Amino acid sequence: GPLWLVLTPIHQISLNICSENICEYLHGINVHKKGEIEDKNVPDAPELYYMLNDTSPEDKAIRYKIYSDKLESVLKQQQIERSQTNMRVQCLFCPETIAGSRFTISEHLYKEHSFTIGHPDNVVYTIEFIEHLRRKMTKSECLYCDKTFRDYKTLREHMRKKLHKKLNSSNTEFDKYYIINYREFGKTWKHLSNDTEDTEIK
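**Describing the packing of aromatic side chains**
Stage number 1. For the coordinates displayed, the defined rule picks out four aromatic pairs.
Stage number 2. Geometrically, the ring pair formed by Phe129 and Tyr177 is stacked, given 4.4 Å between the ring centres and 5° between the ring planes. Here the residue Phe129 occupies a position in helix α3 (residues 126–138), and Tyr177 occupies one in the loop between α4 (152–161) and α5 (180–183), the gap between them amounting to 48 residues.
Stage number 3. The class of Phe129 is buried, set by a relative accessible area of 0%.
Stage number 4. Each member of the aromatic cluster is reached from another via a ring pair, and the members are Phe129, Phe174, Tyr177 and Tyr178.
Stage number 5. Between the NZ or CZ atom of Lys165 and the centre of the ring of Phe93, over which it lies, the distance is 4.7 Å.
Stage number 6. Lying over the aromatic face of Tyr144, Lys166 brings its terminal NZ or CZ to 5.0 Å of the ring centre.

Structure follows, in structure tokens:
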């Protein structure tokens, strides 16, 4: 029957592999799980999982297929956002509703509030990104250090005093919204954060 393979970091796929040949190119790992055995002196039986590794041609082919499919989807979304001029989103820091293109949104945040999510060409799922940040702030959670405060006013004061009115490039929570995370393996949006041309709206 089909065998489930665990792929790092998040993908699980099913492949029909003959069990008698599996150990030739897969690495077996025993995983102990809590069972329903009442006797504490009886150890739980381990379950055997098989993992592909990056030296396996099968692994490389699977990862490339996943990577290619996701990249294609993200690039389509980016192209849609490039042509959109009717985006609407409420500002994170003031009551104004920002209407226009992704550049309009970025320009308002930067010029009016000295805040940037990055250059629009480097961002994808723009409206979703803004709403994600809004949910954090609604919970009085700092966008930079993730600390939670007793109310929104205290949060704003903290972000001002600590110069935390910015995003933390080490926070993988935001990886979804930066195109570089889909374009290049092993490279994240942190590589863009030190480039002023990418983080300032001109």
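Moving on from the coordinates now.
**Concerning the pattern of salt bridges**
Stage number 1. On inspection of all chains with the given rule, the structure shows twelve salt bridges.
Stage number 2. Lys65 is paired through a salt bridge with Asp69; the nearest N and O atoms lie 2.5 Å apart. Within this pair, Lys65 and its partner Asp69 are both found in helix α1 (residues 57–83), separated by four residues, close to a single helical turn.
Stage number 3. Residue class for Lys65 comes out partly exposed when judged on its relative accessible area of 48%.
Stage number 4. Between Glu157 and Arg160 there is a salt bridge, with its nearest N and O atoms 2.5 Å apart. With a gap of three residues between them, Glu157 and Arg160 both fall in helix α4, about one helical turn apart.
Stage number 5. Residue class for Glu157 comes out partly exposed when judged on its relative accessible area of 32%.
Stage number 6. The exposure class assigned to Arg160 is exposed, which follows from its relative accessible area of 52%.

Conventions we followed
- Residues numbered from 1 in each chain as written.
- Predicted model: local features only at pLDDT ≥ 70, side-chain atom pairs only at ≥ 80, totals over all residues.
- Heavy atoms only, no water.
- Phe/Tyr/Trp six-rings, centres within 6.5 Å; stacked < 30°, edge-to-face > 60°.
- Helix = DSSP H or I, 4+ residues; strand = E, 2+ residues; numbered from the N terminus.
- Buried < 20%, exposed > 50% of the residue type's maximum accessible area, 1.4 Å probe, protein only.
- Lys NZ or Arg CZ within 6 Å of the ring centre and 35° of its normal.
- Salt bridge = Lys/Arg side-chain N within 4 Å of Asp/Glu carboxyl O.

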